[in-house]
Amino acid sequence: MSEEISSSPSPAPHKRRVRYSGRNPRRFEEKYKEHTRDDATLAKVLASGKTPAGTHRPIMVAEILAALAPQPGDLAVDCTLGYGGHTQEILKAIAPGGKLLGLDQDPIELPKTEARLRTLGFDETVFTAHRSNFAGLPQVLASVTAVGGRRVGDDGSQSQNAVIGADLILADLGISSMQIDDPGRGFSVKHAGPLDMRMNPQRGQSASAFLEKIKPAALAELLVENSDEPAAAILSSALAEKKFATTTELANAIKNALPRLQKDEITLTIRRVFQALRIAVNDEFSALDTLLRTLPACLKSGGRVAILTFHSGEDRRVKKAFASGHRDGLYSEITEEVIRPSAEERNANPRSAPAKLRWAKRA
Ligand SMILES: C[S@@+](CC[C@H](N)C(=O)[O-])C[C@H]1O[C@@H](n2cnc3c(N)ncnc32)[C@H](O)[C@@H]1O
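Residues numbered from 1 in each chain as written. Predicted model: local features only at pLDDT ≥ 70, side-chain atom pairs only at ≥ 80, totals over all residues.

A. Expanded view of the site of the ligand. Looking at the ligand, there are 21 residues lining it, with Pro58, Thr80, Gly82, Tyr83 and Gly85 nearest. Tallied by class, the residues present in the shell around the ligand amount to seven nonpolar, 10 polar and four charged. (Near = placed C-beta within 6 Å. Nonpolar A, V, L, I, M, F, W, Y, C, P; charged D, E, K, R; others polar.)

B. Highlighting the environment of Lys213. Tracing the backbone shows Lys213 in helix 8 (residues 207-213). Separated by 30 residues in the primary sequence, Lys213 and Lys243 place their C-alpha atoms 8.9 Å from one another. (Helix = DSSP H or I, 4+ residues; strand = E, 2+ residues; numbered from the N terminus.)

C. Seen up close, the nonpolar core. Among the nonpolar cores identified, the biggest contains 52 residues, and Cys79, Leu137, Ala166, Ile169, Leu291 and Ala306 are the most heavily contacted of them. The dominant element in this core, judged by the number of residues it contributes, is helix 13 (residues 284-298), at six residues. Among all residues touching Leu291, those that are not within four sequence positions of it are Cys79, Phe134, Ala135, Leu137 and Ala171. By size, the runner-up hydrophobic cluster in this structure holds 25 residues, among which are Met199, Leu239, Ala280 and Val281. (Core = buried A, V, L, I, M, F, W, Y, C linked by C-beta atoms within 7 Å. Buried ≥ 20, exposed ≤ 12 C-beta atoms within 10 Å, placed from the backbone. Contact = placed C-beta atoms within 7 Å.)

D. Structural view of the pairing of strand 8 (residues 299-309). Counting buried positions over the 11 residues of strand 8 gives eight, a clear majority of the element. Examined bridge by bridge, strand 7 (residues 166-172) and strand 8 share six bridges and lie parallel to one another. If you follow Leu168 over to strand 8, its bridge partner there is Arg304. In terms of strand pairing, strand 8 meets strand 10 (residues 356-362) through six bridges, oriented antiparallel. In the strand pairing of strand 10, Val305 is matched with Ala360. (Pairing = 2+ DSSP bridges.)

Here is the structure:
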């Protein structure tokens, strides 16, 4: 793995496995058969429409491969490596002779995915892992492909010393199931965990610190902008400038602020507030805007980009950037209609339900 990676950690001390009460494990740490990849257990979990603990199911794989049209020998970039599900399929399609750069800003999951892909036989000649925000894609591409050509500027412009562009680029936005399902990461509404929500816990501030500092008016604006929250005004005065140490404390405060809401509505409200905070804490829109601006300069002529989004704030940005790139002649073709997961996929993997796919082809 390249970029800001430290030397290998010393071996972890042996830990006794966590016992669970009752017939089935409920908590993330108790699901040891899923963590140790017991085949029968994994098959049962998948058949029930759930995602085994510590894994992620790639979404709209066939649609993404059709949009990106990978060919043997291609240079590919997966901006959001996650568990490597899409990467694995792209790597097969670009062999022989192809190479894929996998980026992810998560220092906890990235080494695990790199190790998993190595055990599947993808060595350094075909796959490299890069701990990087995808806003830094031009720099990662330059570090791997620069040939004393031209450089890509932050605004997407090309000057002397540019990198060799990629044949295909994928971004599957948001967080992975490994991140959501691990209570220790603080993304989870279901289980108590520290209110953190950072994809890279070594940078920036936790959601708890963020809420403690933000003014009510700014929080109200953010709840509307990031998740179209209808109760933004009430929630912002109940939550801003307060200290919530855990995900459960925050969820309870949301419930208490809206005592008249039905259970289903409260669940949706809690999800929207968590989403809005996650977007803010990870500065997700600004990273996406930077990626969209620099994409044309990172693609070869005829190269393709596909972006999978999970809520309207993301989709709006992608749609607008592709349309304006098309108008300006940077893209020769773009998705006419947004592509959605099939009914089978939505049933088999409910986490795919909100997904929207758009693609563009570099002129
Ligand atoms: C939905 S998951 C990707 C799953 C992946 N496609 C797979 O099949 O396993 C999104 C991943 O992107 C990473 N991520 C999100 N925003 C990022 C950013 N701005 N820069 C780099 N990585 C990012 C997250 O840490 C997470 O691992």
